[in-house]
Amino acid sequence: MKKLALHWQIIIGMAAGIAVGSIAVRFEEGTQWVVNWLKPWGTIFINMLKLIAIPLIITSLIKGIADLKDITQLSKLGIRTFSLYIITTVTAVTIGLVLVNTVKPGKFVSEKTRTDMLSSFSDKATEKVTAANAAQSKGPLQPLVDVVPDNFFGAASSNGNMLQVIFFVIFFGIGLILIPPDKAQPVKAFFEGSNEVILKIIDIIMLFAPIGVFGLLAALVAESPSADIFVALGAYALTVVVGLGLLVLFFYPLLVKFFAGKQPLFFLKGIAPAQLVAFSTSSSAATLPVTIERVEEHLGVEKEVSSFVLPIGATVNMDGTSLYQAVAAVFIAQVLGNDLTLADQLTIILTATLASIGAAAVPGAGLLMLIVVLEAIGVNPAGVALIIAVDRPLDMCRTVANVTSDASVSMIIAKQLGKLRSPHPQEWDDNYKKKN
Ligand code: ASP
């Protein structure tokens, strides 16, 4: 019997999770049952992905950089990566701003919803504001200081320090390029072999993906607040979702078509499993292993490019987050009755771009950084209380955009540098079937 493609298996897992979660909440103790018996499978799945993230970055980035002929190639890659990441992020914020200023979702919120939200989520909002202020109070160059670790094992001991690990690994790779080839060879061979092992482990973890997403979504539905809140904030949530949809279904596939010469459907089909994992986990960092595997093995990007562009993208390139921050900031201003000037809107472009770069690749990070955007335009940061209730589903959607953006940029850069394999369609198809 023909085996069902991986993305279909994951979609079935998600649908079953939503179904079971919605049935369970109808029973007394149902939510607890889901939390006790289904949620752990989701947690195990996320843990396995996180477990593999740091070893994957180390082996694949060292191998990728060592394969570059010289330092000039590395700087070429670096400049292109950062330029494209900034361009896609600014485009995303702009799309968000145009949408939110046209739809004006703030006008759809009744006075009652406004007071209800502000009072019921004020505690959580204060918590976020305090956390954001603590992060901000550190000095302007602190983000730069934070990238340089003082101990490699310290950095590698937390997935939140991904940029620090990348910093060390790039240094290591540069050293490897600069030493005599006969000395570099065994080191390269070791990391190349290790990288193969890790990629194989990811294949094995992905066999578990349908069960993992089943557990994650069942728990999410069982633990989510009532549907009324979604209706009250429907216009806002819809504006974010439409913006993200434009990015994921049109903007990136068209970028790939025009700048990497690949068909939109080829791109979307290749990246779909990573998108589904991003949706289920709300974390670009947890999704990174799947993104790397899909981009290298299904979209044809050579390791030299993917191993550099994707881990950096997972931590700094968050188009979905920046679009969401733009929409949310203007929405909150609309509801609270603040009029935003053109200068405020330009400030949003700048701060949402920076805030998305600074946001960690974990669930809810975008909401925390939104406070920085609100403060920059003089809107009361406690206004995040208005949107906290619908943040999780939007987080799931924006993480999909974040991951898709990284993948599309890696394809464009690979094309520009002659590192995009162009497998014969038949060969690609066989490879695809074999893998799935
Ligand atoms: N969850 C998002 C990510 O990991 C970040 C955010 O917007 O909260 O990509």
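Below: a short report on this structure. (Residues numbered from 1 in each chain as written. Predicted model: local features only at pLDDT ≥ 70, side-chain atom pairs only at ≥ 80, totals over all residues. Heavy atoms only, no water.)

## Here we look at the overall build of the chain
Here is the rule we go by: Secondary structure elements follow DSSP: runs of H or I no shorter than four residues count as helices, runs of E no shorter than two count as strands, and numbering proceeds from the N terminus. Here's how the labels work: a residue is buried when its accessible area is under 20% of the maximum for its type, exposed when over 50%, partly exposed in between, all with a 1.4 Å probe on protein chains only. Only heavy atoms matter for contacts: two residues are in contact if any of them lie within 4.5 Å across the pair. A residue counts as positive if it is Lys or Arg and as negative if it is Asp or Glu; His and the chain ends are not included. One atom stands in for each charge, and that atom is NZ of Lys, CZ of Arg, CG of Asp or CD of Glu.
Assigned secondary structure in the chain consists of 21 helices and 0 strands. The C-alpha extent of the chain, read off along each of the three principal axes, is 70 × 55 × 40 Å. Classification of the 436 residues of the chain by burial places 51% in the buried group. Long-range pairs, those at least 24 residues apart, make up 85% of the contacts in the chain with a sequence separation of at least 6. Across the chain, the mean location of the 32 positive side-chain charges is 7 Å away from that of the 31 negative side-chain charges.

## Quick word on the environment of Glu293
As for its placement among the helices and strands, Glu293 is situated in helix α15 (residues 284–297). Spatially, the C-alpha atoms of Glu293 and Ile198 are 10.0 Å apart, while their sequence positions differ by 95 residues.

## Brief notes about the site of the ligand
Spelled out, the test is: When at least one non-hydrogen atom of a residue lies within 4 Å of a molecule or strand, that residue is treated as near it. Residues adjacent in sequence count toward polar contacts only when both atoms are side-chain atoms; beyond that, a polar contact is any pair of N or O atoms within 3.5 Å, and within protein one must be able to donate a hydrogen and the other to accept it. Note that accessible areas follow from Shrake-Rupley with a 1.4 Å probe, and for residues the cover is restricted to the protein chains shown. Ten residues, namely Ala, Val, Leu, Ile, Met, Phe, Trp, Tyr, Cys and Pro, are considered nonpolar, four, namely Asp, Glu, Lys and Arg, are considered charged, and the remaining ones, Gly among them, are considered polar.
Near the ligand you find 15 residues, and of these Ser284, Thr321, Gly366, Asp395 and Arg398 are the closest. Side-chain polar atom of Thr399 to a nitrogen atom of the ligand: 3.2 Å apart, as the coordinates give it. When the ligand sits alone it has 270 Å² of accessible area, and the protein chains cover 100% of it. Elements supplying a minimum of two residues to the shell around the ligand: α19 (365–376) and α20 (391–416). Looking at the shell around the ligand, the element that brings in the most residues is α20, giving 4 residues. Taken together, the residues that form the shell around the ligand break down as 5 nonpolar, 8 polar and 2 charged.

## A word on the side chain of Ser282
As for its placement among the helices and strands, Ser282 is situated in the loop between α14 (264–281) and α15. In this structure Ser282 comes out as buried when scored by relative accessible area, which is 1%. Of the polar contacts made by the side chain of Ser282, one reaches the side chain of Arg392; its length is 3.2 Å. Look past the residues within four positions of Ser282 in its chain and what remains in contact with it is Val362, Pro363, Arg392, Asp395, Met396 and Thr399.

## As for unusual backbone geometry
Of note, Glu29 is a non-glycine position whose phi angle comes to about 70°, a positive value. If you trace the backbone, Glu29 turns up in the loop between α1 (6–24) and α2 (30–37). Backbone geometry at Ser282 places phi at a positive 55°, although glycine is not the residue there.

## Concerning the packing of aromatic side chains
The criterion, for reference: Side-chain rings of Phe, Tyr and Trp, where Trp is taken by its six-membered ring, are said to pair if the distance between their centres is within 6.5 Å; with planes under 30 degrees apart they count as stacked, over 60 as edge-to-face, and otherwise as tilted. The rule for a charge over a ring is simple: NZ of Lys or CZ of Arg within 6 Å of the ring centre, and within 35 degrees of the ring normal.
In total, this model carries 9 aromatic pairs according to the counting rule given. Centroid distance Phe167 to Phe171: 5.5 Å. Interplanar angle 85°. Geometry classified as edge-to-face. You can see Phe167 and its partner Phe171 sitting in helix α9 (residues 162–178), 4 residues apart, about one turn around the helix. What makes Phe167 partly exposed here is its relative accessible area of 30%. Judged by centre distance (6.1 Å) and plane angle (45°), the ring pair of Phe168 and Phe172 falls under tilted. Residue Phe168 and its partner Phe172 are located together in helix α9, separated by 4 residues, close to a single helical turn. You can call Phe168 partly exposed: its relative accessible area is 34%. An aromatic cluster of at least three residues, connected via ring pairs, comprises Phe152, Phe153, Phe168, Phe172, Phe190 and Phe191. The aromatic ring of Phe266 is capped on one face by Lys262, whose charged end is 5.5 Å from the ring centroid. When the ring centre of Tyr324 is taken as reference, the NZ or CZ atom of Arg398 above it lies at 3.9 Å.

## Some remarks on the side chain of Ser280
Secondary-structure assignment places Ser280 in helix α14. At 2.8 Å, the side chain of Ser280 and the backbone oxygen of Leu276 are in polar contact. Not counting the four nearest positions on each side in its chain, Ser280 is found in contact with Met14, Val213, Leu216 and Arg392.

## Notes on the nonpolar core
This is how it is decided: To form a nonpolar core, buried Ala, Val, Leu, Ile, Met, Phe, Trp, Tyr and Cys residues must be joined to one another through side-chain atoms within 4.5 Å.
Formed by 130 residues in total, the largest nonpolar core has its most connected members in Phe45, Tyr236, Ile348, Leu370 and Ile387. The element contributing the most residues to this core is helix α3 (residues 39–67), with 12 residues. Not counting chain neighbours up to four residues away, the residues in contact with Leu370 comprise Tyr324, Gln325, Ala328, Ala329, Ile332, Val384 and Ile387. Among the nonpolar cores identified, the runner-up in size contains 6 residues, and Ala24, Val34, Ala218 and Ala219 belong to it.

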